[in-house]
Each structure stands twice: as structure tokens, then as C-alpha cells.
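# Residue-level structure breakdown
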Amino acid sequence: MKDENNGIVYLTREKFLELEKQLDHMKRVVRPELAHKVGVARSHGDLSENAEYDAAKEEQQLFEDRIVQLDQTLSRARIIDTKDLPNDKVYILSKVKLKEKKRGKELEYTLVAQEESDFENNKISVTSPIGKALLGKKKGDAGLGQGQRREAGVRKHRSVGGGGYPLADAHEGDGDS
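Residues numbered from 1 in each chain as written. Predicted model: local features only at pLDDT ≥ 70, side-chain atom pairs only at ≥ 80, totals over all residues. Heavy atoms only, no water.

### Regarding the overall build of the protein chain
- Scanning the protein chain from N- to C-terminus turns up three helices and seven strands.
- Element order for the protein chain, N to C, with α for helix and β for strand: β-α-α-β-β-β-β-α-β-β.
- A total of 177 residues make up the protein chain; the buried ones form 36% of that total.
- Here the analysis covers contacts within the protein chain between residues at least 6 apart in sequence; of these, 51% occur between residues at least 24 apart.
- Element-wise, carbon and sulfur atoms account for 46% of the exposed surface of the protein chain, whose accessible area totals about 10500 Å². (Helix = DSSP H or I, 4+ residues; strand = E, 2+ residues; numbered from the N terminus. Buried < 20%, exposed > 50% of the residue type's maximum accessible area, 1.4 Å probe, protein only. Contact = heavy atoms within 4.5 Å. Areas by Shrake-Rupley, 256 points an atom, 1.4 Å probe, with all protein chains shown as cover.)

### Brief notes about the layout of surface pockets
- Estimated volume of the largest pocket: approximately 260 Å³.
- Lining the largest pocket are 11 residues, with Arg66, Gln69, Thr73, Arg76 and Glu115 positioned closest to its centre.
- Breaking the lining of the largest pocket down by element, the ones donating at least two residues are helix H1 (13-42) and helix H2 (51-76).
- A total of six residues in the lining of the largest pocket trace back to one element, the largest contributor, which is H2.
- In terms of residue class, the lining of the largest pocket is made up of two nonpolar, four polar and five charged. (1 Å grid on protein atoms, 1.4 Å probe; cavity = no way out; pocket = protein on both sides within 12 Å on 5 of 7 lines; lining within 4 Å. Points joined across faces, edges and corners; volume = space filled by probe spheres on them. Nonpolar A, V, L, I, M, F, W, Y, C, P; charged D, E, K, R; others polar.)

### Focus: the side chain of Gln60
- With respect to the helices, strands and loops of the structure, Gln60 is situated in helix H2.
- Setting aside anything within four residues of it in sequence, one finds Gln60 in contact with Leu34, Ala35 and Val38.

### Things to note about the nonpolar core
- Core analysis: the biggest nonpolar cluster contains 27 residues, and Leu11, Ile92, Val96, Leu98, Leu111 and Leu134 have the highest contact counts within it.
- Elements that contribute at least two residues to this core include exactly strand E1 (9-12), H1, H2, strand E2 (77-80), strand E3 (95-100), strand E4 (106-112) and helix H3 (129-134).
- Here this core gets five residues from one element, more than from any other, and that element is H1. (Core = buried A, V, L, I, M, F, W, Y, C linked by side-chain atoms within 4.5 Å.)

### Comments concerning H2
- The terminal C-alpha atoms of H2, which comprises 26 residues, lie 38 Å apart, in line with the 38 Å expected from a rise of 1.5 Å per residue.
- Among all positions of H2, only Tyr53, Ala56, Gln60, Phe63, Ile67, Leu70, Thr73 and Leu74 are buried.
- Looking at the buried side of H2, the elements it contacts are E1, H1 and E2.
- Put simply, Asn50 is the residue that caps the front of H2, since its side-chain oxygen is 3.2 Å from the backbone nitrogen of Glu52. (Expected span 1.5 Å × (residues − 1). Polar contact = N/O pair within 3.5 Å; in protein donor to acceptor, adjacent residues only side chain to side chain.)

### Digging into unusual backbone geometry
- Look at Leu93: it is not a glycine, yet its phi comes out positive at around 75°.
- Relative to the helices and strands, Leu93 resides in the loop between E2 and E3.
- We note that Asn122 has phi near 60°; this positive angle belongs to a residue other than glycine.
- As for its placement among the helices and strands, Asn122 is situated in the loop between E4 and strand E5 (123-125).

Below, the structure written as C-alpha cells:
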């Protein structure tokens, strides 16, 4: 998550290591492959009418932009761990259980940095509307309005409670909520 004051990106150790590995692979393996691809396309003659060359150069530029982005993310990264965070309210890495009031359906989310968000695995960014609404909430707080998750409320959370319904039981991170 980018902090508006100093550009820090908060990542779990696992995500940091994953990004480092990805960056290393991009630099050592993919970059030389793309350079070769550009060279082959260049050898096909007149560059002013060489669509293959133009496409290879564009692909290479987008790739280099991604390398720069990853380098910058890793250089600003701070590793965080749930055991280093207080559990008096919802913070990044908090697990929050939300319950839709209309259908009674419960959903559990983990609040993560934007770089780690993965909605299919119930990891939502602290910069998303729901994430922003949940951050800082305590057990019993209301927080999610219509449009943020219909009428939903936080039922449980590990490390803390929060959210747009009343928070119920707060549990610390052993997976029992």
C-alpha cells in the first residue's frame, strides 16, 4: 500500500520474495529473449515498413516499464507481519468477516496492499472502497454503506473487527473465525 506521505509499499515477506524472484527472472531470462526478438525483427530489412520490428520494440518498452515499476516497488517496500501489528482495530493484514444483512451470507476478506490484492482469494486492497471503509474500524463500529457491499456488516475479524455491519467476535489469527 502506498503511503501518501512517503511512498512506502507494505508487503508480506512472501509477496516481497515473489516479486524479487519475478524481477530476477525478467532481467536474466525474459530481457535477453526480447532483445533477441528485436534483433531478429531488425534483420528483416527496412525498419520504416517493418511491423514485426515495431511490435517487438513496443513489447520490449512495455516490459522495461514493468521492470522499472517492480524495481521501484521493491525499493520502497517494507515487510510487514501480522504479529508486528496491534489488534485493537482493522489494519492491513487483518482478516475481516462480513455478513450481508439481506441474505445472511458471510464473506471473509484479508486486507492487503494493492500489490497483493486478489479478489478470487478474498484478498482486498486497503485502497479499495471496501478496504478504506474497514481500515481503523473497531469491534461494534458500523462502516460499510450501500454500494460498498450492499448492506453488509462486519461479523468477525482476526486481529480486529470493523465494518459496515456490527462487528461480532474478534479472533486473533489462528484460523478459527
